[in-house]
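# Descriptive analysis of the structure
Here are the chains, one letter per residue:
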Amino acid sequence: MTTRPVRVVDDGSSLSRHVVVAPGMCSGGSLIFGRIGDWTWEAVAAACHTNVHAARTSEGQPAYLSFYYFHVRGGDVVHPHGLTFGDELQVTSRVFQFGSQSAITLHRLAPAGLGLADAPLDPAELYERPHPDCLYAENFNRWIARSRPSSNRQLSQVAPADFSYSGLPRLRNSHSPRTLVGRAREAGSFYSAEPPGLVAAGPVHTSEYALDVARDLNGAGLVYFASYFSIFDTALLGVWRSLGRGDEEFLRRKVVDQKVGYFGNADPGAVFTITVRRWHSSAHPRIEIADMAMRDSGTGRLLAVAGVEIDIDASCADASSS
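Below or above, wherever it landed, is the structure these notes cover. (Residues numbered from 1 in each chain as written. Predicted model: local features only at pLDDT ≥ 70, side-chain atom pairs only at ≥ 80, totals over all residues. Heavy atoms only, no water.)

## Concerning the nonpolar core
With 50 residues, the main nonpolar core has F70, L89, F272 and M294 as its most contacted residues. Those residues in contact with F70, other than ones at most four positions away along the chain, are F33, I36, G37, E138, N139, F225, F229, Q258, K259, V260 and Y262. With 25 residues, the next largest nonpolar core counts L121, L126, I287 and A293 among its residues. (Core = buried A, V, L, I, M, F, W, Y, C linked by side-chain atoms within 4.5 Å. Buried < 20%, exposed > 50% of the residue type's maximum accessible area, 1.4 Å probe, protein only. Contact = heavy atoms within 4.5 Å.)

## Remarks on the pattern of salt bridges
For the structure shown, the criterion picks out 17 salt bridges. A salt bridge links K254 to D76, with the shortest nitrogen-to-oxygen separation between them at 3.9 Å. Taken as a pair, K254 in strand 11 (residues 254-262) and D76 in the loop between strand 4 (64-73) and strand 5 (88-97) lie far apart in primary sequence, 178 residues in all. Assessed through its relative accessible area of 17%, K254 is described here as buried. For D76, a relative accessible area of 53% puts it in the exposed group. Here E288 ties to R245 by a salt bridge, and the two come within 3.0 Å at their closest N and O atoms. Residue E288 is found in strand 13 (residues 287-296), and its partner R245 is found in the loop between helix 4 (225-242) and helix 5 (247-251); the two are separated by 43 residues along the sequence. (Salt bridge = Lys/Arg side-chain N within 4 Å of Asp/Glu carboxyl O. Helix = DSSP H or I, 4+ residues; strand = E, 2+ residues; numbered from the N terminus.)

## Some points on the packing of aromatic side chains
Taken as a whole and judged by the stated rule, the model has 16 aromatic pairs. Ring geometry for Y69 and F190: centres 6.1 Å apart, planes at 50°, overall tilted. Separated by 121 residues along the polypeptide, Y69 in strand 4 and F190 in the loop between helix 3 (178-187) and strand 9 (198-200) bring together distant segments of the chain. Judged on exposure class, the residue Y69 and its partner F190 are both buried. Judged by centre distance (4.9 Å) and plane angle (85°), the ring pair of F98 and F140 falls under edge-to-face. Of this pair, F98 sits in the loop between strand 5 and strand 6 (102-111) while F140 sits in strand 7 (residues 135-146); the two residues are 42 residues apart in sequence, bridging distant segments of the chain. The structure contains a cluster of three or more aromatic residues connected by ring pairs, namely F33, F67, F70, Y224, F225 and F229. The side chain of R142 reaches across the aromatic face of Y68, ending 3.9 Å from its centre. (Phe/Tyr/Trp six-rings, centres within 6.5 Å; stacked < 30°, edge-to-face > 60°. Lys NZ or Arg CZ within 6 Å of the ring centre and 35° of its normal.)

## Brief notes about the environment of G82
Tracing the sequence through the fold places G82 in the loop between strand 4 and strand 5. Among the residues examined, G82 registers a relative accessible area of 32% and is labelled partly exposed. Spatially, the C-alpha atom of G82 lies 30 Å from that of H53, the residues being 29 residues apart in sequence.

## Here's the deal with helix 4
In this model, helix 4 (18 residues) spans 27 Å end to end at C-alpha, consistent with the 26 Å of a helix rising 1.5 Å per residue. Among the 18 residues in helix 4, 14 count as buried, and that is most of the element. In the segment just after helix 4, G244 is the residue with positive phi, at about 85°. (Expected span 1.5 Å × (residues − 1).)

## Observations regarding the state of the cysteines
Throughout the structure, instances matching the rule amount to 0 disulfides. You can see C134 has no disulfide; the closest cysteine sulfur is in C26, sitting 18 Å from it. (Disulfide = S-S within 2.5 Å.)

## Description of the pairing of strand 5
One face of the sheet, then the other: side chains in a regular strand alternate in exactly this way. In terms of residue burial, strand 5 counts as a mostly covered element, since 8 of its 10 residues are buried. Looking at chain direction, strand 3 (residues 14-20) and strand 5 are connected through 7 bridges and run antiparallel. Each bridged residue has a counterpart across the sheet, and for S14 the counterpart in strand 5 is R94. Taken together, the 9 bridges between strand 5 and strand 6 define a ladder with antiparallel strand orientation. Looking at the pairing, F96 lines up with I104 of strand 6. The hairpin formed by strand 5 and strand 6 contains 4 residues between the paired strands, and G99 there has a positive phi angle of roughly 95°. (Pairing = 2+ DSSP bridges.)

## Details of the environment of A306
If you trace the backbone, A306 turns up in strand 14 (residues 302-311). In this structure, the C-alpha to C-alpha distance between A306 and R148, residues 158 residues apart in sequence, is 28 Å. What A306 contacts, discounting residues up to four positions off in sequence, is F190, F232, K259, V260, A290, D291 and M292.

## Things to note about the environment of S164
Among the secondary structure elements, S164 is positioned in the loop between strand 8 (155-157) and helix 3. Using a relative accessible area of 33% as the deciding quantity, one classes S164 as partly exposed. When near neighbours in sequence (up to four residues on either side) are disregarded, S164 contacts A47, C48, H49 and T50.

Without other data, these values stay purely geometric and don't point to any function.
Given below as structure tokens:
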């Protein structure tokens, strides 16, 4: 990826950058989510005057800006798996205060030629009137530290001493994801047992996934937040194949909306059980929803949940025209 110099927008909570998409950013997998996560860390570092990459608690232990909730809303032009080499984007990011140990960062990925104003991102744009061509991302991050040096199972919520957040803008309560994510954690799903407007599409699909230490761990020895996307995608691909859908269709799937809630980490050697329920939208038959939960196979501990809305017709149409 080629990125021109990052510019801090006047209010101090915002960053703007021009991006040319390169191989490390685009794929049918999790590369784009990893890149957005990097932008979140950079934005928080700039807005909160904190060395995010080497943060320490007051006791001198490493502190990590973990991902608790990652929400992406795809547009008609820019959507998670629709980027390719050479695409040019104008990326605008803005950080909001969310208590003494957390932050919310919003991103807009716009086609570079769209001509949107290079100004602080208004939350109302993302939540109430998104531009149809743009991709929007919402990251809810919490500071964590290990309770035990050799374990990822017991992580404490603790912020570094130099985390400066009081000068950041606030989100309206109606825009806060806290209730949504809390309910998902309690229910093990972003959806109710019988979601209104949705019709069940086939039986529940269950699979297992062994944590891959060569791919799924980051440099701090934690399960990398973007790996959760990949693990859920692996389970979803198994469902697609069981339905007779081709791998090309999966690679060209058009994600309209995706939510991931992160509720636990894991140690090397862990095995996960992933359940997938599918729904069709009764109002929009071309929209299919995958409702997924990941648990530790040994303990049943909930580690993450995901909800993915996919435009099935667009995926099939793209595949048939290739």
